[in-house]
Structure formats: C-alpha cells, structure tokens
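# Summary of the model geometry
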Amino acid sequence: MIEKVKHTQEEYIGSNIFEIVGTNVQSTYITCLVDQIATLGIKLLFLVIIVNNIMKYFTFEIQVLDDKNVRQLF
C-alpha cells in the first residue's frame, strides 16, 4: 500500500524526482504499462538510476527488451 507519492525537485542533483513511500516493499510499487506485451518504445543505450541513501530498505526491478528481442529482468 502506497502511503505517499511526491513529485519534487531534488536539491543535490538539481532534477525532478518521484518519492514513493509505503509500509512494505512488496506492496509499494509503480508500473508503467498494464499490458505485459507492450513497451514504452524508449531506445537508449544507457539507463542511469541515481539512488539516494535514505537509510531505509528498498528494492526495484527493471525489465528491458534487448536487441535480440528478449526481455531481460534486472
């Protein structure tokens, strides 16, 4: 269950961020697409994720479709 979703400007990196807070990492998540077959159509060579150390537990999964049309879950 998500307790708080906040869109704000992060001071350290000077960029917009989404802060998602919940009571349980297994039940607090966002997803981009409902259809498991669909894609966002983003074709970039690099994915950059900056994780701020807030001294709390977290987890994340990212699924990509590689150049051989195989879905990879990280």
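Along each chain, residue indices are assigned from 1 in the same order as the chain's sequence is written. At least 70 in pLDDT is required for a residue's local features to be given in this predicted model, at least 80 for side-chain atom pairs to be given and counted, and no such filter applies to totals for whole chains, interfaces and linings, which use all residues. Neither water nor hydrogens contribute to the side-chain values; these are computed over all heavy atoms in the structure.

This part is about the overall build of the protein chain. Note on conventions: DSSP H or I runs of at least 4 residues are helices, E runs of at least 2 residues are strands, and numbering of each starts at the N terminus. Across its full length, the protein chain holds zero helices and four strands. Starting at the N terminus and ending at the C terminus, the protein chain contains elements arranged as β-β-β-β. For the protein chain, whose C-alpha radius of gyration is 15 Å, the value lies well above the compact-globule estimate of 11 Å for 74 residues. Dimensions along the principal axes, computed over C-alpha positions, put the protein chain at roughly 40 × 30 × 20 Å. In this description the radius of gyration comes from C-alpha coordinates, and the expected globular size is given by 2.2 Å times residues to the power 0.38.

It is possible for side chains of opposite charge to pair when their charged atoms get near one another. What counts as a salt bridge is simple: a side-chain nitrogen of Lys or Arg found within 4 Å of a carboxyl oxygen of Asp or Glu. Counted according to the given criterion, the structure contains one salt bridge. Lys68 is the partner of Asp67 in a salt bridge, and the nearest nitrogen-oxygen pair spans 4.0 Å. Exposure categories follow from relative accessible area, calculated using a 1.4 Å probe and restricted to protein chains: below 20% of the type maximum is buried, above 50% is exposed, and the middle band is partly exposed. Classification of Asp67 as exposed rests on a relative accessible area of 73%.

So, about the UniProt feature "domain: CFA20" (unreviewed entry) in the protein chain. In this numbering, the UniProt entry assigns the feature "domain: CFA20" (unreviewed entry) to residues 4-72. Along residues 4-72 one finds 0% helix and 29% strand; the C-alpha atoms at either end are 29 Å apart. UniProt positions are given in the numbering used here, feature names are shortened, and annotations may be inferred rather than shown by experiment.

Another aspect to go through is the side chain of Glu10. Tracing the backbone through its elements, the reader meets Glu10 in strand β1 (residues 2-10). We count Lys and Arg on the positive side and Asp and Glu on the negative side, and we leave His and both chain ends out. The side chain of Glu10 sits in the buried core without any salt bridge; Lys6 is the nearest counter-charge, 10 Å away. Excluding residues that lie within four positions of it along the chain, Glu10 makes contacts with Ser15, Ile17 and Asn52. Two residues form a contact once any of their heavy atoms are found within 4.5 Å.

Attention now moves to a nonpolar patch on the surface. Like-charged residues are merged into a patch within 9 Å and nonpolar side chains (Val, Leu, Ile, Met, Phe, Trp, Tyr) within 5 Å, provided each residue has over 30% relative accessible area and no salt bridge. For the accessible areas, the method is Shrake-Rupley and the probe is 1.4 Å, while residue cover comes only from the protein chains on display. A contiguous nonpolar patch, built from Tyr12, Ile13, Leu45, Phe46, Val48 and Ile50 and spanning about 840 Å² of accessible area, is present on the exposed surface. Following the sequence through the fold, Ile50 ends up in the loop between β2 (15-22) and β3 (63-65).

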